[in-house]
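Here is how the chains run, residue by residue.
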Amino acid sequence: MAYEWFISYRRKSGGENQARQVAEILSKYVGEDKVFYDRVSMREGNWRDQINDALNSAEHFVLLVNEASAAEDQSNNIGGDRYEIEYALKNGKKISLIEYDKNSYDEVIKKYPSLKDAQKVTFNGEYNFAFEGNTEPDNLADLYNAIAKVEEFTNNFCDAKMHHEKALEVVESVEKKYKALERECQKLLYDAMLYESFGDTDAAIELYEEAVKTGRKLPETPEYLNLLSRVTSNFAKFQECLGNTDSAKKHYEESLEIKRKLPETPEYLYSLAATLGHLAELEENLGDTDSAKKHYEEQIEISRKLPETPQYLDLLSIAINNLATLEYNLDDTDSAKRHLEETIEIKRKLPEIPEYLDRLAGSLCNLATLEYNLDDTDSAIKHRQESIDIKRKLPETPEYLDSLSMDINNLAMLEENLGDTDSAKRHYEEAVEIKRKLPETPQCLDSLAASLANLADLEKKLGDTNSAIKHFKEAVEIERQIPETSETLIHLSSCLAFLSELEIKIGDTDSATKHFAEALEYNNEFKKIKNPQ
């Protein structure tokens, strides 16, 4: 296979994640089959032959260096494999050296001076254009063709042929320059995405703005319009991430205006629908619910025109789910329920892979919450339980386990409210057991403490005082490990107050007095945060 880009890095120096990141960005820019990244590109067989073939075919050589790789002894490998580096230098490859840690570039150059001419951070590929704009050449080609038509009419075929050829030369010249502008726009977009991933906000914004300007110089053909719409849409997403909502909205709207000019093919319709969804979400977050509802509905209308493939059905289900959430927040529960049921019906058609199963479970949870608020408790329990059953099929990753434990905890709360204390206790205990497997982050610890407190509160109501004291104490000890926020302070105050009440019941007045005093102290701290003087 012929590659255009070869990524060289040192796995021992922690470069694997960085290499994967660069490979993903490059793949979006030039195509996955044009990028050699050993973790993805290597196949069975002789690995050295595969590397040699990739090195030989690739025009660009990307060397990743970080602090660890820069510190390696010169006699060993630097950044990537020394064999690969020497091959790239010897064979005149366009070398790009990406520095991940401050000063690592300078350290590598000290040890390996031959790399001093490598392009730092930005990839090679110069596009110098003498031509900017297209009005004059386009008019000239039309003029030549018009003259040729007149000459054909007067039977002057020799001159007609000459002028048609001149028109073709102009067209070919213009197309060549357009292709150069297209490559420049693509390069600017790629560089902007690269700097965005490196956290260099100012450079990324400048490059995105240049990419937009360059893209606007291209003619309004589907190919070039699609490129400009990608640039404006990516720029909008970046601005939204930065909190620049006015700029994000402006560029989403420009991207939509461009995409509406494209042919109604599945590919272009999918892109249009996706951008409508991004704009609607932004408008919803800004409180412009009328515009958000309008754009969600248009997104759904367009998505319904697409073939029923997993990719397109997934987009449709997400759009309907987002509209349902908006309707629920606007108290239009009938419409929200109808749309949630529709999105669940669509999601049941999708392949049973973790990503789709997780989304199906999420929609079932949303429907269960709505049904509970409508006093349809039987349906709420049924759909909550189905969501849990689906999540039990997912891989035991922290993300999925956390989501599963929250659903089980919420089911227990629902069962407790309905008086089914045996089921509630069993599910609280299961939620606690799962949460003990999660990483000890403040968020996960707080969630564990909350479930322990829920379990303890139920045990208190059931008269199981010793178990309630045990679980309240554990919840308090966990909460003490978490940085103090208004939420942790009020939770600590509440748990300590309940603990004090139970200790009085068993005659442990010393502990009860101590814990009640602590509860008051935490409550006062909470009041100071909520109402600072």
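Below you will find a few notes about this structure. Note that this is a predicted model, so its numbers are computed, not measured.

Moving on: the overall build of the chain. Broken down by element type, the chain carries 23 helices and 5 strands. Contacts in the chain between residues far apart in sequence, at least 24 positions, make up 62% of those at least 6 positions apart.

With that settled, consider the nonpolar core. Counting residues in hydrophobic clusters, the biggest one holds 23 residues, and the most contacted among them are Leu452, Phe472, Ile478 and Cys495. Sorting the residues of this core by element identifies helix 20 (442–461), helix 21 (465–480), helix 22 (486–505) and helix 23 (509–530) as the ones contributing at least two each. Non-local contacts of Ile478, meaning those with residues more than four positions away in its chain, are made with Leu445, Leu448, Ala449 and Leu452. If you look at the next biggest cluster of nonpolar residues, it comprises 21 residues, including Leu181, Ile205, Leu218 and Phe235.

Turning to the packing of helix 21 against helix 22, a few remarks are in order. It is at 9 Å that the axes of helix 21 and helix 22 come closest, and there the two elements cross at 150°. The orientation of helix 21 relative to helix 22 falls into the category roughly antiparallel. Of the two possible hands of crossing, helix 21 and helix 22 adopt the one that is left-handed. Counted together, Thr465, Ala468, Ile469, Phe472, Lys473, Ala475, Val476, Glu479 and Arg480 of helix 21 and Thr488, His491, Leu492, Cys495, Leu496, Phe498, Leu499, Leu502, Glu503 and Lys505 of helix 22 form the full contact between these two elements. Partitioning the contact of helix 21 with helix 22 into residue classes produces 11 nonpolar, 3 polar and 5 charged.

Attention now goes to the pairing of strand 3 (residues 60–65). In terms of burial, strand 3 is a largely internal element, 6 of the 6 residues being buried. Residues His60, Val62 and Leu64 point to one face of strand 3 and Phe61, Leu63 and Val65 to the other, with burial holding for every one of them. As judged from the 4 bridges shared by strand 1 (residues 5–8) and strand 3, these two strands associate in the parallel manner. Directly across from Ser8, in strand 3, lies its bridge partner Leu63. Two strands pair when backbone bridges link them, and strand 3 and strand 4 (residues 94–99) are joined in this way by 6 bridges, in the parallel orientation. Note on strand 4: the bridge partner recorded for Leu63 is Leu97.

Here we come to the packing of aromatic side chains. Applying the stated criterion to the full structure yields 10 aromatic pairs. Ring centres 5.5 Å apart and planes at 50° place the aromatic pair Tyr270 and Tyr312 in the tilted group. Taken together, the residues span a long stretch of sequence, with Tyr270 in helix 12 (residues 266–285) and Tyr312 in helix 14 (residues 310–329) at a distance of 42 residues. A relative accessible area of 12% means that Tyr312 is categorised as buried. When the ring centre of Tyr83 is taken as reference, the NZ or CZ atom of Arg48 above it lies at 4.4 Å.

On to the pattern of salt bridges, then. Between side chains of opposite charge, a pair can form as their charged atoms come close. Across all of its chains, the model carries 25 salt bridges by this definition. Of the charged contacts in the structure, one is a salt bridge between Lys249 and Glu253, with a shortest N-O distance of 2.6 Å. In this pair, Lys249 and Glu253 both sit in helix 11 (residues 245–259), 4 residues apart, roughly one turn of the helix. What makes Glu253 partly exposed here is its relative accessible area of 35%. Salt-bridge contacts for Glu429 lead to Lys425; the nearest nitrogen and oxygen are separated by 2.6 Å. Placement of the pair is Glu429 and Lys425 together in helix 19 (residues 421–435), with a separation of 4 residues, close to one helical turn.

Conventions used here
- Residues numbered from 1 in each chain as written.
- Predicted model: local features only at pLDDT ≥ 70, side-chain atom pairs only at ≥ 80, totals over all residues.
- Heavy atoms only, no water.
- Helix = DSSP H or I, 4+ residues; strand = E, 2+ residues; numbered from the N terminus.
- Contact = heavy atoms within 4.5 Å.
- Core = buried A, V, L, I, M, F, W, Y, C linked by side-chain atoms within 4.5 Å.
- Buried < 20%, exposed > 50% of the residue type's maximum accessible area, 1.4 Å probe, protein only.
- Axes fitted to C-alpha atoms, helices over the stretch in contact; angles between N-to-C directions.
- Parallel < 35°, antiparallel > 145°, perpendicular 65-115°, else oblique.
- Left-handed = near helix turned anticlockwise from the far one by under 90°.
- Nonpolar A, V, L, I, M, F, W, Y, C, P; charged D, E, K, R; others polar.
- Pairing = 2+ DSSP bridges.
- Phe/Tyr/Trp six-rings, centres within 6.5 Å; stacked < 30°, edge-to-face > 60°.
- Lys NZ or Arg CZ within 6 Å of the ring centre and 35° of its normal.
- Salt bridge = Lys/Arg side-chain N within 4 Å of Asp/Glu carboxyl O.

What is shown is where atoms sit, not what they do.
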